Amino acid sequence: MLAALAAILLSIGVSTDGLERFVPPPPPVTSTELGQAYDVQATLNVGAARLDVVETISLANEAALPVAYVNLSVPPRAFGYVTLGDVTVGGKTAVTSWTTGTNLRVELGDRLAPGETADVVLVFSLVIGPSGGAFTARTSADRGVLSFGQWLPMVSPAIDSYGVGDPRVTFVADRIAFALTTTQPLARDAVACPGLVEAPAVTGTAWRCEIEHARDFSFVVNPRFHLTQHSVDGTLLRVYTETVGGARTAELAAIALARLNELYGPYPWPDLVLAEVGADGGFSMEYPAAIHLTRTKVTDTYVLYHEVAHQWFYAQLGNDQQREPWLDEGFADFTTRYLMGIGENQCSGRPIDSTVFEWPAGPISGGDWQSCDGYFHTVFYRTTEFLNAVRATTGDDAFFGAVRAFIADNRFGMTDGSAMLAALQAATDADLAPLFSRYLATYPP
C-alpha cells in the first residue's frame, strides 16, 4: 500500500521523504479485559421513585491492545426510566452513543494503553415504575417498594435487553461501593443491600454498602420492612420482609447455603441479603450476595434454593447468560432439585445449549417460557435431566468433585460450555460424548 502511494506521489512531483514512517492509526477497539471498581453516590426520593446518581467507574486496561471505548449495560433504559446527564473521562466531556436500546458506548478520548487507568464518571437519574413480567424483581416500583436490580451501568459486551433470560453480561469488579442518601428520614431497616457498612441507629437518611469481587449490585427500599437475621457457617443472612415474618425464609436460605457450601465450596461474601419486593407475580431474581423475592415466592422452597444456587452459578462462576443460559440456570435448577429430592419432569426436545434468542421476544416482554419446547423446559428442566444423566454415569463423588474444583479454579471469572464439558469428562473414565451429543447442539465442536 505504501509503495503504491509513493508511486502516485512521485508521478505528480511530490517528495516521498518520510513516507516510510507513516503508520495509519489502528481501528478503534474495545475490550472487557478491564480492571474495574465502582463508586456510586445516590440520592433517593422514595415518594417520587427517583434516584439521582453520580457513578465513578475506575478502569485499568488489562488487554494487550489500546482500548478506544467501553460499552456499558443499562437495562432500565428499555423501560424509559433513564435520563443521562454529563459523562466525563479523565475530567473531560466524553462522546457517548446508544448503540442498542440498553448499550451506552463511551469513547475514552486518548486510547487507553495496556496498563493505563482512567475514571469514567456518569451523572444520571432513574424514575422507575412497575416493570412487570420477568422484570418485577429487577428495577421496579410496586406498592411503595422500590427494587433496583441490574440498574447500575456496568462494563459489558454490546448487547440489548431481551424479554427472555437475563438482559446483560457483566464482569467481576474489584469493589462496588454504594452510598445512599434519602430525601426523607427512613427507619434503619428500610434499605436492604449487601455489604452493609453504615446505617442510621434508628432512623436517618444515610446508608453505605460495599461488596468486593461482584459482577453486579442491587438494593431494595421499603419503609415497612422488618429484619430477620440468621447465621450460617460464618455468613450473616439478613432477610427483609413486609407481608410475612422472615423466619421461614431465613430457615430455607440457611439450609440451602449450608448444603451448597458442602457441594460446591464456601460462599465467599460475609453476608447474603434476601428482600421481598412489591410485586406479587413475575420472577424472583439473583444478584451477588443478594436475592429479590416476589411476594408469592418469599417462602417457596424451590425459589429460595434456586436463587441461593445462583450465588455459585453466575455470581461466582460467570458466563454469557444470553448465549449459554444453561450454564447458570440449568445448574441452578439441577442443584435445587437435587437438594429437594425431586426430578425434572421435562418434555423438551430442544438442545439445552440454545441461546435465549431461540425464543422470539421484545426488549421487555414476550417469549415462550412455559411450553414443552419453551425456555423453562429446555434450559432449566432438560439441563437437569442432562446433568442427572452425567451424574449417574460418573457417580456422585466424581461429579460434584469436578464441579466443585471447576468453580474453585474459575471463581469470579467467566467460563463457557466447552470448558465445563471438558471438566466433567476429565472426572471420569466413562465416555460422556454420547450424552453430550444427545443434549447439546454444539457438541461435538
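Quantities reported herein were computed from a predicted structural model and do not represent experimental measurements. (Residues numbered from 1 in each chain as written. Predicted model: local features only at pLDDT ≥ 70, side-chain atom pairs only at ≥ 80, totals over all residues. Heavy atoms only, no water.)

Asker: Mind laying out the side chain of Gln316, listing which residues take part and the relevant values?
Answerer: Checked against the element boundaries, Gln316 lands in the loop between helix H3 (301–309) and helix H4 (329–340). Sequence-distant contacts of Gln316, that is, excluding residues within four places in its chain, are made with Arg215, Pro266, Tyr267, Pro268, Trp269, Gln311, Ile407, Asn410, Arg411, Phe412 and Gly413. (Helix = DSSP H or I, 4+ residues; strand = E, 2+ residues; numbered from the N terminus. Contact = heavy atoms within 4.5 Å.)

Asker: Kindly report on a negative patch on the surface, identifying the contributing residues and their values.
Answerer: A grouping of Glu33, Glu62, Asp174, Glu210 and Glu212 is seen on the molecular surface, where their side chains present a negatively charged patch. If you trace the backbone, Glu210 turns up in strand E15 (residues 203–214). By relative accessible area, Glu210 is classed as partly exposed at 31%. (Patch = residues over 30% accessible without salt bridge, like charges linked within 9 Å, V, L, I, M, F, W, Y side chains within 5 Å. Areas by Shrake-Rupley, 256 points an atom, 1.4 Å probe, with all protein chains shown as cover. Salt bridge = Lys/Arg side-chain N within 4 Å of Asp/Glu carboxyl O. Lys, Arg positive; Asp, Glu negative; His and termini not counted. Charge placed at Lys NZ, Arg CZ, Asp CG, Glu CD. Buried < 20%, exposed > 50% of the residue type's maximum accessible area, 1.4 Å probe, protein only.)

Asker: Describe in detail the sheet that holds strand E10 (residues 145–148), supporting the description with residues and values.
Answerer: Whenever strands of a sheet pair, they do so through backbone hydrogen bonds, lying parallel or antiparallel. Spatially, E9-E10-E16-E13 is the arrangement adopted by the four strands of the open sheet, whose pairing is antiparallel. A strand with exactly one partner marks an edge of an open sheet, and here the two such strands are strand E9 (140–142) and strand E13 (191–192). Across three bridges, E10 lies against strand E16 (residues 219–221) in antiparallel orientation. Bridge pairing in E16 links Phe148 to Phe219. (Pairing = 2+ DSSP bridges.)

Asker: Help me get a handle on the environment of Leu122, residues and values and all.
Answerer: Tracing the sequence through the fold places Leu122 in strand E8 (residues 117–127). Look past the residues within four positions of Leu122 in its chain and what remains in contact with it is Val53, Val54, Glu55, Ile57, Leu72, Leu84, Asp86, Val87, Leu104 and Pro153.

Asker: Outline the packing of helix H5 (residues 375–394) against helix H6 (residues 396–410), supporting the account with residue identities and numerical values.
Answerer: One way to put it is that H5 packs onto H6 with a least axis distance of 6 Å and a crossing angle of 120°. Judged by the angle between their axes, H5 and H6 are oblique. On H6, the residues that touch Leu387, Val390, Arg391 and Thr394 of H5 are Asp396, Ala398, Phe399 and Phe400. Looking at the contact of H5 with H6, its residues break down into five nonpolar, one polar and two charged. (Axes fitted to C-alpha atoms, helices over the stretch in contact; angles between N-to-C directions. Parallel < 35°, antiparallel > 145°, perpendicular 65-115°, else oblique. Nonpolar A, V, L, I, M, F, W, Y, C, P; charged D, E, K, R; others polar.)

Everything listed here is a matter of geometry and, on its own, says nothing about what the molecule does.
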